[in-house]
Amino acid sequence: MARYTTLPDSVPERVHELARQVIAGPGLATTPYDQAKALETFLRQYPYTLQVELPPADRDPVDYFLFDLQTGYCDYYASSMVVMARTLGLPARVATGFLSQPANDEGVQTVRQINAHSWAEIYFGDYGWVEFEPTAAFVSQHDPLYADSTFYAEQYRDTAQDT
């Protein structure tokens, strides 16, 4: 678990403080699942764009996204959620892959580079790695509008309360 909770000493203290503020906000997130959900919800407030400037060479990219840029694409959101989760002691990692695309009339599904995506995963005891979608432009599986949200809300939230 140390591998997924470790952070470099160079992560600015204000990133740690922001994570604590997010989970202490309305509805006080006390369980690991509620803390992860609070981080996901917080990050979804930042607008999505593919047109961003690179962080300055002397700046921590997560700190730059959270406090200055405040807009970006999936890599910024996923990295920020993972770093913030780790500041709270939650085992977290960035996952990458491709979003599936609808098949054409011949049943062929074409996946292009533009379909690349990254998201955060948080580890919960008996359930393993659970995906979170902090990127504003994408539907979170923990959102009430998501088809499987009942499963996630009941299965992971109840279990997380026991840890």
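Residues numbered from 1 in each chain as written. Predicted model: local features only at pLDDT ≥ 70, side-chain atom pairs only at ≥ 80, totals over all residues. Heavy atoms only, no water.

J.: Looking at this structure, how should I read the overall build of the chain?
T.: The helix and strand inventory of the chain stands at 5 helices and 3 strands. A buried classification covers 42% of the 163 residues belonging to the chain. Looking at the chain alone, contacts between residues at least 24 apart form 56% of all its contacts between residues at least 6 apart. As displayed, the chain has an accessible area near 9,100 Å², and 50% of this comes from carbon and sulfur atoms. (Helix = DSSP H or I, 4+ residues; strand = E, 2+ residues; numbered from the N terminus. Buried < 20%, exposed > 50% of the residue type's maximum accessible area, 1.4 Å probe, protein only. Contact = heavy atoms within 4.5 Å. Areas by Shrake-Rupley, 256 points an atom, 1.4 Å probe, with all protein chains shown as cover.)

J.: Can you walk me through the nonpolar core in this structure?
T.: Among soluble globular proteins, nonpolar side chains are generally buried collectively. In terms of nonpolar packing, the biggest core is built from 34 residues, with Phe42, Leu43, Leu66, Met81, Met84, Ile122 and Phe132 touching the most fellow members. At the level of elements, helix H1 (13-23), helix H2 (32-43), helix H3 (61-69), helix H4 (74-87), strand S2 (116-124) and strand S3 (128-132) are the ones that each hand at least two residues to this core. At 7 residues, the largest contribution of residues to this core is made by H4. Not counting residues up to four positions away in its chain, the partners in contact with Met81 are Ala36, Leu39, Glu40, Leu43, Ala120, Ile122, Phe132 and Pro134. (Core = buried A, V, L, I, M, F, W, Y, C linked by side-chain atoms within 4.5 Å.)

J.: Just checking my understanding: could you explain the packing of aromatic side chains for this structure?
T.: Given two aromatic rings, one states the distance between the centres and the angle between the planes to describe the pair. Counted by the stated rule, this structure contains 10 aromatic pairs. Ring centres of Phe42 and Tyr46 lie 5.7 Å apart, and the angle between their planes is 85°; this geometry places the pair in the edge-to-face category. Just as Phe42 is buried, Tyr46 falls in that class too. An aromatic cluster of three or more residues is present, and its members are Phe42, Tyr46, Phe65, Tyr73, Tyr76 and Tyr77. Directly above the aromatic system of Phe67 lies the positively charged group of Arg14, at a separation of 4.1 Å from the ring centroid. (Phe/Tyr/Trp six-rings, centres within 6.5 Å; stacked < 30°, edge-to-face > 60°. Lys NZ or Arg CZ within 6 Å of the ring centre and 35° of its normal.)

J.: It is not clear to me how unusual backbone geometry should be interpreted in this structure. Could you clarify?
T.: Most peptide bonds are trans, and most residues other than glycine sit at a negative phi. One non-glycine residue with positive phi stands out, namely Gln70, at about 50°. Looking at the secondary structure, you find Gln70 in the loop between H3 and H4.

J.: Would you mind showing me how to read the confidence of the model for the chain here?
T.: For residues with low pLDDT, the predicted coordinates do not support detailed interpretation. Confidence in the prediction for the chain averages 84 pLDDT; 83% of positions are at 70 or higher. Confidence drops under pLDDT 50 across residues 144-163; counting only partners more than four residues distant or on other chains, this segment forms 26 contacts. (pLDDT = per-residue confidence, 0-100.)

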